[in-house]
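If you want the building blocks of each chain, they are given just below.
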Amino acid sequence: MCACILGYKVRKLPDTISYYADEVYVIDDVLLSEFHADLSASALEGLCRELGPRTVLMGHNYENREVAPKLACKMKNDLITDCVKIERDSETGCLLCTKPIYGGNAYAIFQLDTEPQIVTLRPKSTESLEKGVSAGQIIPFWHKVSETDALSKSLEIVPEGHVVSLTQADAIVAGGRGVKTAEGIGELQKLVEVLKKYFSKVELGASRALVDEGLVSHSHQVGQTGEIVNPQLYIAVAISGAAQHMAGIAGAKKILAINKDPDASIFGASDYGVVGRYEDIIPALIKQLMELQ
Ligand SMILES: Cc1cc2nc3c(=O)[nH]c(=O)nc-3n(C[C@H](O)[C@H](O)[C@H](O)COP(=O)(O)OP(=O)(O)OC[C@H]3O[C@@H](n4cnc5c(N)ncnc54)[C@H](O)[C@@H]3O)c2cc1C
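Small disclaimer: the values here were computed from a predicted structure and weren't measured. Along every chain, residues carry numbers that run from 1 in the direction the sequence is written. Restriction of local features to residues with pLDDT of at least 70 applies here, the model being predicted, together with a cutoff of 80 or more for giving and counting side-chain atom pairs; totals for whole chains, interfaces and linings are based on all residues. Side-chain measures here rest on the full set of heavy atoms in the structure, leaving out hydrogens and waters.

Comments concerning the domain arrangement of the protein chain
So, point 1. Taken domain by domain, the protein chain consists of domain 1 (2-149) and domain 2 (160-292).
So, point 2. Domain 1 and domain 2 are separated by 31 Å when their C-alpha centres are compared.
So, point 3. By buried area we mean how much accessible surface two parts lose on assembly, using a 1.4 Å probe and totalling the loss over both. Of the roughly 970 Å² buried between domain 1 and domain 2 on both sides combined, carbon and sulfur atoms contribute 44%.
So, point 4. Considering only the side of domain 1, the residues that lose the most area to domain 2 are Tyr62, Arg122 and Lys124, jointly responsible for 52% of the buried surface there.
So, point 5. A side-chain nitrogen of Lys or Arg and a carboxyl oxygen of Asp or Glu constitute a salt bridge if their distance falls within 4 Å. Between the two partners, domain 1 and domain 2, sit 1 salt bridge.
So, point 6. With a closest N to O distance of 3.2 Å, Arg65 and Glu227 form a salt bridge.
So, point 7. Two N or O atoms count as a polar contact when they lie within 3.5 Å, although within protein this holds only if one can serve as hydrogen donor and the other as acceptor, and sequence-adjacent residues are included solely when both atoms are side-chain atoms. Summed over the shared surface of domain 1 and domain 2, the number is 2 residue pairs in polar contact (both at pLDDT 80 or more).
So, point 8. Residues were grouped as follows: Ala, Val, Leu, Ile, Met, Phe, Trp, Tyr, Cys and Pro as nonpolar; Asp, Glu, Lys and Arg as charged; and all remaining residues, including Gly, as polar. When the residues that make up the side of domain 1 that touches domain 2 are grouped by side-chain class, the tally is 2 nonpolar, 3 polar and 4 charged. The source of the domain bounds is an automatic or database domain assignment.

So, in structure tokens, the structure goes:
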């Protein structure tokens, strides 16, 4: 099993990952210092043509959602995205890729029979690998990345401080249409801060309704057309539980729903439910958590 690291001045990074792979290929190029899907796909194409891998696995994150189709196109092969399970058919050698369909209401198994089999895998959908006893080989790979490979250009770089990382969060407090106001968002943000005492990474999430209202940016959106998340705890505040939202939280270990409507469908998919106005429940929850500290 080989791993690949792309970027600029990333020669130190492979030290950790080398304990999880037989070989680590490092593509270090100044043109890869900022993310660019066309340039990353071009570099990966160079590596694929050199190594001829049977399967290329990529994390299903924002960047790879853009890179993987470009790579598949360059390699003139199929791509299956957002898989939650992969296995090899022992008889045919084909790769069987399981992914949620119809907004997470069903699973389909796709078969990839031509190589390289390119797949994006949902973060945290498999158990972590055990650290190996010895480090794999680190191999610099030289591929000429050219600016002419870039078919698009970035018009604006969002500063690091504003980047939301929902897929890495251990706990998410997500607001829905019922939150309504900036003051409401402020209350949820207070809960986020309090939960940071208990979880290492806590983020503010949102349903599409709240994003459409313009109260938070799209980077907070959870669901079919937002992020697919896998936190230990997902607190859904004033979210009804539409299929497109639920498609994003099937991987959450525990779901706590707060909704004033006892018939809200989200209660059917939650581990814990509180019926009431979030304006009353959230301050009470914050108070209880503060008293525990
Ligand atoms: C192609 C497509 C893709 C989509 N992708 C996504 C997606 O990625 N993510 C997503 O979220 N949606 C997505 N949607 C939209 C989705 O269908 C729903 O419209 C949306 O999820 C509803 O958001 P909501 O639950 O916040 O709002 P609503 O359905 O309006 O629910 C609001 C809830 O708040 C409760 N409430 C109101 N006031 C309070 C209060 N004071 N205290 C407590 N509870 C209160 C209400 O009882 C209600 O249950 C998509 C739709 C389509 C067609």
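Focus: the packing of aromatic side chains
A ring pair, where both rings are aromatic, is described by two values, the distance of the centres and the angle of the planes.
So, point 1. Each Phe, Tyr or Trp ring (for Trp, its six-membered ring) is paired with any other whose centre lies within 6.5 Å, and the angle between the two planes then decides the class: stacked below 30 degrees, edge-to-face above 60, tilted in between. Tallied over the entire structure, the rule returns 0 aromatic pairs.
So, point 2. In this scheme, the term charge over a ring applies when either NZ of a lysine or CZ of an arginine sits within 6 Å of the ring centre and within 35 degrees of the ring normal. When the ring centre of Tyr19 is taken as origin, the NZ or CZ atom of Lys131, which lies over that ring, is 4.5 Å away.

A look at unusual backbone geometry
So, point 1. The peptide bond linking Glu115 to Pro116 adopts the cis configuration, its omega dihedral lying at 0°.
So, point 2. Numbering of helices and strands runs from the N terminus, with a helix taken as a DSSP run of H or I at least four residues long and a strand as a DSSP run of E at least two residues long. Assignment of secondary structure puts Pro116 in the loop between strand S7 (106-112) and strand S8 (117-121).

Notes on the sheet that holds S7
So, point 1. Strand order in the open sheet made by the 3 strands is S5-S6-S7, with antiparallel pairing throughout. Pairing within the sheet leaves two strands with one partner each, and these edge strands are strand S5 (85-88) and S7. Within this sheet the neighbouring strands show an average axis-to-axis angle of 25°, counted without direction.
So, point 2. Strands were regarded as paired on the criterion that DSSP finds at least two bridges between them. Of the pairings in the sheet, the one linking strand S6 (residues 95-101) to S7 comprises 7 bridges and is antiparallel in character. Within S7, the position partnered with Thr98 by the bridge is Ile109. Convention adopted: a line fitted to C-alpha atoms gives each axis, helices being fitted over their contacting stretch, and angles between N-to-C directions are expressed from 0 to 180 degrees.

Comments concerning the pattern of salt bridges
So, point 1. All chains considered together, the criterion is met by 13 salt bridges.
So, point 2. Residue Lys70 is joined to Asp38 by a salt bridge in which the shortest nitrogen-to-oxygen separation is 2.8 Å. Pair noted here: Lys70 is in helix H3 (residues 62-74) and Asp38 is in helix H2 (residues 37-51), with a separation of 32 residues, a long-range link.
So, point 3. Where Lys287 meets Glu291, a salt bridge forms, and the shortest distance between an N and an O atom there is 3.4 Å. Here the residue Lys287 and the residue Glu291 both occupy positions in helix H7 (residues 278-292), the gap between them amounting to 4 residues, near one helical turn. Comparing Lys287 with Glu291 shows no difference in burial state: the two are exposed. Partly exposed residues are those whose accessible area sits between 20% and 50% of the maximum for their type, while under 20% is buried and over 50% is exposed, using a 1.4 Å probe and protein chains only.

Things to note about the sheet that holds strand S1 (residues 2-7)
So, point 1. Pairing in this open sheet of 3 strands is parallel, and the strands run S1-S2-S9 from one edge to the other. For this open sheet the edge positions go to S1 and strand S9 (137-140), each flanked by a neighbour on one side alone. Adjacent strand axes in the sheet meet at a mean angle of 20° when their direction is disregarded.
So, point 2. Bridging between S1 and strand S2 (residues 23-28) involves 6 bridges; their strand directions are parallel. What sits directly across from Cys2, in S2, is Glu23.
So, point 3. By the convention used here, residues are in contact when the closest approach between their heavy atoms is within 4.5 Å. On the sheet, H2 packs against S1 and S2 and is oriented at approximately 150° with respect to S1.

Focus: the packing of helix H4 (residues 182-195) against H7
So, point 1. Remark: H4 packs on H7, axes separated minimally by 10 Å, with the N-to-C direction vectors making an angle of 20°. Put simply, H4 runs roughly parallel to H7. Where H4 crosses over H7, the two elements pack in a sense that is left-handed. Contacts between H4 and H7 involve Gly184, Glu187, Leu188, Lys190, Leu191, Val194 and Leu195 on the former and, on the latter, Tyr278, Ile282, Pro283, Leu285, Ile286, Leu289 and Met290. With respect to orientation, any angle under 35 degrees is reported as roughly parallel, any angle over 145 as roughly antiparallel, any angle of 65 to 115 as roughly perpendicular, and every other angle as oblique. Helix crossings get a hand from a simple test, with the near helix turned counterclockwise from the far one by less than a right angle marking a left-handed crossing and a clockwise turn marking a right-handed one.

Some thoughts on the pairing of S2
So, point 1. Judged by how many residues are buried, S2 sits mostly within the fold: 5 of 6 residues are covered.
So, point 2. One ladder, built from 4 bridges, connects S2 with S9; its direction is parallel. Its bridge partner being in S9, Val24 is matched across the sheet by Ile138.

A word on the nonpolar core
So, point 1. Side-chain atoms within 4.5 Å are what join buried Ala, Val, Leu, Ile, Met, Phe, Trp, Tyr and Cys residues into a set we call a nonpolar core. Core analysis: the biggest nonpolar cluster contains 25 residues, and Val173, Val179, Leu191, Ile235, Val237 and Ile282 have the highest contact counts within it.
So, point 2. Among the elements of the structure, strand S10 (171-175), H4, strand S11 (202-206), helix H5 (208-212), strand S12 (233-237), strand S13 (254-259) and H7 are those that each provide at least two residues to this core.
So, point 3. Among the elements that make up this core, the one with the highest residue count is H4 (6 residues).
So, point 4. Aside from chain neighbours lying at most four places away, what touches Val237 is Val173, Ala174, Gly175, Gly176, Val179, Leu188, Ile258, Tyr278 and Ile282.
So, point 5. In this structure, Ile172, Val229, Ile249 and Ile266 belong to the second largest nonpolar core, which totals 18 residues.

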